[in-house]
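Below are the chains, spelled out letter by letter.
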Amino acid sequence: MALTLRPLHPLFVAAATGIDLTAPLEAEAVAELVAALDRYAVLVLPGQDLTDAQQIAFSERLGILETTVKAFRPGHKARIDLHLSDVSNLDERNQVLAADDRRRMNGLGNRLWHTDSSFKAIPARYSLLSARAIPGAGGETEFADLRAAWDALDPAMRGRIEGLVAEHSLLHSRATIGFTDFAAEERERLQPVPQRLVRTHPGSGRKTLYLASHAGSIRGMALPEARMLLLDLMEHATQRRFVYSHTWRLHDLVIWDDRCTLHRARPYDMTVPRDMRRTTVSDGVSSLEQAA
Ligand code: OGA
Ligand code: MN
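The model shown is predicted, which means the values in this text are computed figures rather than measured ones.

(A) Focus on the site of ligand 1. Close to ligand 1 lie Val87, Asn110, His114, Asp116, Leu129, Thr141, Trp256, His263, Ala265, Arg274 and Arg278. Within the side chain of His263, an N or O atom sits 3.1 Å from an oxygen atom of ligand 1. In this structure, Arg278 approaches ligand 1 through a side-chain N or O atom, which is 2.6 Å from an oxygen atom. Using a 2 Å cut-off from the grid points, one finds that ligand 1 occupies the largest cavity. A class-by-class count of the residues in the shell around ligand 1 yields four nonpolar, four polar and three charged.

In structure tokens:
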């Protein structure tokens, strides 16, 4: 296989062509993709017209898949397989969600800078987002490079934050936009989990910040101090020089490394369908169990 990489951003994003994800891949092809993901943190693979089964089968080549936390909700009705996160604005009958629908309100939280599943004790390694229907305008996804953001911190700040442990919860990030409609069972299963604030990215050996809007406190630090530190780091990490904005084309598959990037959705006209489906590869261990 000849995987061709063409940088889309000077730091951390490339387009990857010369690979067909609808067909079974050789082990070397998977290894080549993982190496590209270690070098870049975001890969855009255009023209991958995947079925759900093909997306799941390919994603499983990269590791163990997560199931969606939406299943924690009593009475949850899924439009698609539990190994796919429904990132669309559609209901189980494929109709656009009403403006006040709880699922739409919850989904608005994706517009906050975040990394996937940092609110799970064992967070995500990779996310794979497939564009099945896109609006005519808007709905971009932005990514930020947390390894470059770490590199650009001054030594005093690096010394201050290395070794710190943040607490992440989906309840926290949703509360910041005023969304609090969670059932008791969900609240129980979404209690804060600890994650290192600074990690070493295993595949590249580079240090990286590990931030998300889910982070609401830092162990051993007064709350106002912790919140301000997290806000300052987020502001630093999302300067335009660290950010790539992806304008979707139908059948793009974008794969990103959740250990060293942030992302967020951008607004669009939510009366038109945007059908995006995500598979998520688990990292297998807590960030606390990995080398700092
Ligand atoms: C996600 C996500 C952003 C978007 O799928 O994890 O945050 O633009 N998506 O839909
Ligand atoms: Mn996300």
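Here the narrative resumes.
(B) Just the coordination of the manganese ion (ligand 2), in detail. Distances from the manganese ion (ligand 2) to its protein donors, His114 (NE2), Asp116 (OD) and His263 (NE2), fall within 2.1 to 2.2 Å. Along the chain, the residues donating to the manganese ion (ligand 2) are arranged with the sequence spacing H-x1-D-x146-H. Here His114, found in the loop between α3 (102-107) and β5 (124-133), pairs with His263, found in strand β14 (residues 261-265); they are 149 residues apart in sequence, far enough to count as distant.

(C) Focus on the pairing of strand β15 (residues 275-282). Burial within β15 is extensive, with eight of its eight residues counted as buried. Residues Asp275, Arg277, Thr279 and Val281 of β15 are buried on one face, and the alternating residues Met276, Arg278, Thr280 and Ser282, pointing to the opposite face, are buried as well. One ladder, built from two bridges, connects strand β4 (residues 85-86) with β15; its direction is antiparallel. If you follow Asp86 over to β15, its bridge partner there is Arg277.

(D) Quick look at the pairing of strand β7 (residues 165-168). Both faces of β7 are covered, namely the face carrying Val165 and Glu167 and the face carrying Ala166 and His168. Sheet topology places β7 next to strand β11 (residues 215-218); three bridges connect them, and they run antiparallel. Within the sheet, the bridge partner assigned to Glu167 lies in β11 and is Ser217.

(E) Spotlight on the sheet that holds strand β12 (residues 243-246). What the three strands build is an open sheet, ordered β12-β6-β14; its pairing is antiparallel. Only two strands of the sheet have a single neighbouring strand rather than two, namely β12 and β14. Pairs of neighbouring strands in the sheet enclose a mean axial angle of 20°, with direction left out of account. For strand β6 (residues 141-145) and β14, the ladder comprises five bridges, and the chain directions are antiparallel. From the neighbouring strand, Asp145 faces β14, where its bridge partner is Thr261.

(F) Spatial organisation of the environment of Thr247. As for its position among the elements, Thr247 is in the loop between β12 and β13 (253-257). The spacing of Thr247 and Ala226 is 21 residues in sequence and 34 Å in space, taken between C-alpha atoms. Aside from chain neighbours lying at most four places away, what touches Thr247 is Glu140 and Asp252.

(G) Seen up close, the sheet that holds β15. Strand order in this open sheet of seven strands is β1-β2-β3-β13-β5-β15-β4, and the pairing throughout is mixed. The sheet is open, and its two borders are formed by β1 (4-9) and β4, each paired with just one other strand. Bridge count for strand β2 (residues 13-17) against strand β3 (residues 42-45) is three bridges, and the pairing is parallel. Each bridged residue has a counterpart across the sheet, and for Ala15 the counterpart in β3 is Val44. Of the strands in this sheet, β1, β3, β5 and β13 touch helix α1 (residues 27-39), which is tilted by about 130° from β3. Docked against the sheet, helix α2 (residues 52-60) engages β5, β13 and β15, running at close to 25° with respect to β15.

(H) Focus on the packing of aromatic side chains. Summed over all chains, the structure comprises two aromatic pairs. A ring pair is formed by Phe179 and Phe182, whose centres lie 5.4 Å apart and whose planes are at 90°; its orientation type is edge-to-face. Overall, the relative accessible area of 8% leaves Phe179 in the buried class. We note Arg102 situated over the ring of Phe182; from NZ or CZ to the ring centre the distance is 5.8 Å. For Arg259, the ring lying beneath its charged end belongs to Tyr126, and the centroid distance is 5.6 Å.

(I) Region of interest: empty space enclosed by the protein. For the structure on display, the rule yields one cavity of 30 Å³ or more. The computed volume of the largest cavity comes to approximately 100 Å³. Lining the largest cavity are Val87, Asn110, His114, Asp116, Leu129, Thr141, Trp256, His263, Arg264, Ala265, Arg274 and Arg278. Broken down by element, the lining of the largest cavity gets its largest block of residues, three residues, from β14. Of the residues that constitute the lining of the largest cavity, the class distribution is four nonpolar, four polar and four charged.

(J) Inspection of the layout of surface pockets at higher detail. There is about 210 Å³ of room inside the second largest pocket. What lines the second largest pocket is Leu112, His172, Thr176, Leu211, Ala212, Ser213, Ala215, Arg227, Leu230, Leu231 and Met234. Looking at the lining of the second largest pocket element by element, the count peaks at four residues for helix α8 (residues 223-237). In terms of residue class, the lining of the second largest pocket is built from seven nonpolar, three polar and one charged.

Each value, and the rule that gives it
Residues numbered from 1 in each chain as written. Chains lettered and ligands numbered in written order. Predicted model: local features only at pLDDT ≥ 70, side-chain atom pairs only at ≥ 80, totals over all residues. Heavy atoms only, no water. Near = heavy atom within 4 Å. Polar contact = N/O pair within 3.5 Å; in protein donor to acceptor, adjacent residues only side chain to side chain. 1 Å grid on protein atoms, 1.4 Å probe; cavity = no way out; pocket = protein on both sides within 12 Å on 5 of 7 lines; lining within 4 Å. Sits in = over half its atoms within 2 Å of the grid points. Nonpolar A, V, L, I, M, F, W, Y, C, P; charged D, E, K, R; others polar. Donors = N, O, S within 2.8 Å, 3.2 Å for Na, K, Ca; no water. Helix = DSSP H or I, 4+ residues; strand = E, 2+ residues; numbered from the N terminus. Buried < 20%, exposed > 50% of the residue type's maximum accessible area, 1.4 Å probe, protein only. Pairing = 2+ DSSP bridges. Axes fitted to C-alpha atoms, helices over the stretch in contact; angles between N-to-C directions. Contact = heavy atoms within 4.5 Å. Phe/Tyr/Trp six-rings, centres within 6.5 Å; stacked < 30°, edge-to-face > 60°. Lys NZ or Arg CZ within 6 Å of the ring centre and 35° of its normal. Points joined across faces, edges and corners; volume = space filled by probe spheres on them.

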